[in-house]
Amino acid sequence: MVFLDRDGVINIDKHYLYKIEEFEFTQNLFKTCKYFISLGYEIIVITNQSGIGRKYFSDDDFKKLTSWMINEFKQNDINILDLFYCPHSPNDNCSCRKPKPGMILQANDKYNIDLENSWLIGDKVSDINAGINAGIKNTILITSEYYKETDEINTQYIVKNIIETKNIIKN
């Protein structure tokens, strides 16, 4: 399984994005996802969406954008197995908000995933820590505005963009 964060990995992070007309896929995303599928991986998206909990946009706004996004993947011959999201604000102390592993554990309960041989790709330390906290050993951080070289991070790989993950995830 390959777990992908949404904002910053799938799309350009625009902070509390919920409008289709503002959504921009990251460069080479579809090409990279097709590569993962060619290796036999399935793809699950996990995403914190605190904009819902903060009342910046509604759950329905998020679901509308998500449906559109999944359809764009399908139009590019990519099946997204599932998407899990945390609608809570950081103050809600839920078990699903990354860096907690709740979304990954929900996916594992639903699909019985081999987490030890799965991959997680994120652009924040909290993404990587969620994977590690769930038992995923293979993590890749895509550098972003959130990453500072002084950050303590326990990941094997740090790359500049998603296409570089193809040099890491191989047969």
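The structure under discussion appears in the preceding block.
Things to note about the overall build of the chain
The helix and strand tally for the chain stands at five helices and six strands. Secondary structure of the chain in N-to-C order comes out as β-α-β-α-α-β-α-β-α-β-β. Against the compact-globule benchmark of 16 Å for 171 residues, the chain has a radius of gyration of 15 Å, which places it among compact chains. If one aligns the C-alpha atoms of the chain with their principal axes, the spans along those axes are about 45 × 35 × 35 Å.

Quick word on the side chain of T26
Structurally, the position occupied by T26 is in the loop between β1 (2-5) and α1 (29-38). A distance of 2.7 Å separates the side chain of T26 from the backbone oxygen of V9, its partner in a polar contact. Dropping the residues within four chain positions of it, T26 is found in contact with G8, V9, I10, N11, I12 and I162.

Some thoughts on the environment of K160
Structurally, K160 can be placed in the segment after β6 (157-159). Given the relative accessible area of 67%, K160 is considered exposed. Sequence-wise, K160 and H88 are 72 residues apart; in three dimensions their C-alpha atoms are separated by 29 Å. Beyond its immediate sequence surroundings of up to four residues, K160 is in contact with I142 and T143.

So, the sheet that holds strand β4 (residues 119-122)
On the basis of which strands lie adjacent, the open sheet formed by six strands has the order β3-β2-β1-β4-β5-β6 and parallel pairing. Strands at the two margins of the open sheet, each flanked by one partner only, are β3 (80-86) and β6. Between one strand axis and the next, the sheet turns through 20° on average, direction left out of account. Summarising the sheet, β4 and strand β5 (residues 138-142) pair through four bridges and their orientation is parallel. Bridged to I121 within β5 is I140.

With respect to unusual backbone geometry
Note that the residue after K98, namely P99, is joined by a cis bond; omega there is 25°. Within the secondary structure, P99 sits in the loop between β3 and α4 (102-111). Positioned with a positive phi, H15 is a non-glycine residue whose angle comes to about 55°. Inspection of the secondary structure assignment puts H15 in the loop between β1 and α1.

Quick notes on the nonpolar core
Ranked by internal contacts, the top residues of the largest apolar core, which has 33 residues, are L4, I10, F36, F73 and I121. Among the secondary structure elements, those contributing two or more residues to this core are β1, α1, β2 (43-48), α3 (59-75), β3, β4 and β5. The residues touching I121, leaving out its near neighbours within four places in the chain, are V2, F3, L4, D5, V9, F36, I140, I142, T165 and I169. One finds C86, I113, L120 and L141 within the second-largest nonpolar core, a separate group that totals 19 residues.

Calculation rules
Residues numbered from 1 in each chain as written. Predicted model: local features only at pLDDT ≥ 70, side-chain atom pairs only at ≥ 80, totals over all residues. Heavy atoms only, no water. Helix = DSSP H or I, 4+ residues; strand = E, 2+ residues; numbered from the N terminus. Rg over C-alpha atoms; globule rule 2.2 N^0.38 Å. Polar contact = N/O pair within 3.5 Å; in protein donor to acceptor, adjacent residues only side chain to side chain. Contact = heavy atoms within 4.5 Å. Buried < 20%, exposed > 50% of the residue type's maximum accessible area, 1.4 Å probe, protein only. Pairing = 2+ DSSP bridges. Axes fitted to C-alpha atoms, helices over the stretch in contact; angles between N-to-C directions. Core = buried A, V, L, I, M, F, W, Y, C linked by side-chain atoms within 4.5 Å.

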